[in-house]
Amino acid sequence: MTTVDFWFDPLCPWAWMTSRWMLEVEQVRDATTVFHVMSLAVLNQGREGLDEDYRRRMDTEAWYGARAAIGVELRYGQAGLRAFYTELGTRYHLGEESRTPETVRAALAQLGYDQTIADDCTTDRYDEALRASHHQGMDPVGMDVGTPVIRIEGVSIFGPVISPAPKGEAAGKLFDGVRAVMDYPGFFELKRSRTVGPIFD
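Here is what the cut-offs are and how they apply
Throughout this description, residue numbers start from 1 for each chain and increase along the sequence as written. Per-residue local features of the predicted model are confined to residues with pLDDT of at least 70, and side-chain atom pairs are confined, for both listing and counting, to 80 or more; whole-chain, interface and lining totals are unaffected and use all residues. Computation of side-chain values covers all heavy atoms of the structure but excludes hydrogens and water. Between the N-to-C directions of two axes lies an angle of 0 to 180 degrees, each axis being a line fitted to C-alpha atoms and, for a helix, fitted only over the stretch in contact. Secondary structure elements are taken from DSSP: a helix is a run of H or I of four residues or more, a strand is a run of E of two residues or more, and numbering for both begins at the N terminus. These descriptions rest on fixed angle ranges, namely under 35 degrees for roughly parallel, over 145 for roughly antiparallel, 65 to 115 for roughly perpendicular, and the rest for oblique. By definition, turning the near helix anticlockwise from the far helix through less than a right angle yields a left-handed crossing, and turning it clockwise yields a right-handed one. Contact criterion: two residues are considered in contact whenever any of their non-hydrogen atoms come within 4.5 Å of each other. Two strands pair under a simple rule: DSSP has to find at least two bridges between them.

**Q** Can you explain the packing of helix α1 (residues 13-28) against helix α4 (residues 61-94)? Please cite residues and give values.
**A** At their nearest, the axes of α1 and α4 sit 11 Å apart, and the two run at 130 degrees to each other. Looking at the two axes, α1 sits oblique to α4. Our pair here, α1 against α4, has a crossing hand that is left-handed. Mapping the contact onto sequence places Pro13, Ala15, Trp16, Ser19, Arg20, Leu23 and Glu26 in α1 and Arg82, Tyr85, Thr86, Gly89, Thr90, His93 and Leu94 in α4.

This is the structure:
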């Protein structure tokens with residue numbers, strides 16, 4: 001069994017695509033995904049030159065989902081975090097619901113989780129745990145990238161950034177390729193310009 005540690009911020013559509021790919025991989029390869037939270041808000045704190053709208057989102061919206069996800073993990077464990085990310089991500093990315101504490105609350109309610117986590121996501125209650133999880137995922141890949149980040153057998157990479165998320169054996173073949181490049185100690189980067197946005201299906 002291959003364990004794939006996966007760091008996400010609920011706000012990021014690209015992390016969402018990668019997470020859906022990994023759920024497909026679990027169906028066709030002997031692999032399991034362990035979900036962890038990173039924070040785009042933490043990543044971008046103090047950074048200059050950000051677009052004004054993006055800066056606003058980092059200072060407000062980005063905190064809510066990430067803080068709530070950590071709160072869920074602390075209360076309900078790994079299975080709870082996985083379920084919450086699917087519920088909140090579906091609302092964010094497929095349902096195009098607002099990135100607000102109200103949407104967080106609706107996701108918590110749907111799962112029967114403690115809705116006071118939605119109140120706490122507007123405070124710094126979970127920030128210490130959030131920053132610890134963030135740095136656990138991001139420090140090995142550096143601060144010049146964002147989310148998604150995956151780690152397999154101690155090797156971490158940013159990505160893969162994909163759209164749409166492949167299904168079935170196509171998901172497995174992509175996983176095999178990602179594993180292959182990660183197995184080579186001298187591999188650092190593959191990249192090309194994106195020609196499509198996130199395609200949700």
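Additional details are given in the paragraphs that follow.
**Q** Which residues make up the sheet that holds strand β2 (residues 31-37), and what values do they have?
**A** Taken in spatial order, the four strands line up as β2-β1-β3-β4 in an open sheet, and their pairing is mixed. Every other strand in the sheet has two partners, leaving β2 and β4 (155-158) as the edge strands with one partner each. If you compare each strand with its neighbour and ignore which way they point, the axes differ by 25 degrees on average. Relative to strand β3 (residues 149-152), strand β1 (residues 2-8) runs antiparallel, the two being bridged by four bridges. Note that in β3 the partner of Val4 across the bridge is Ile152. Sheet strands in contact with α1 are β1 and β2, and its direction is about 155 degrees off that of β2. Against the sheet, α4 contacts β1 and β2, and its axis sits at roughly 165 degrees relative to β2.

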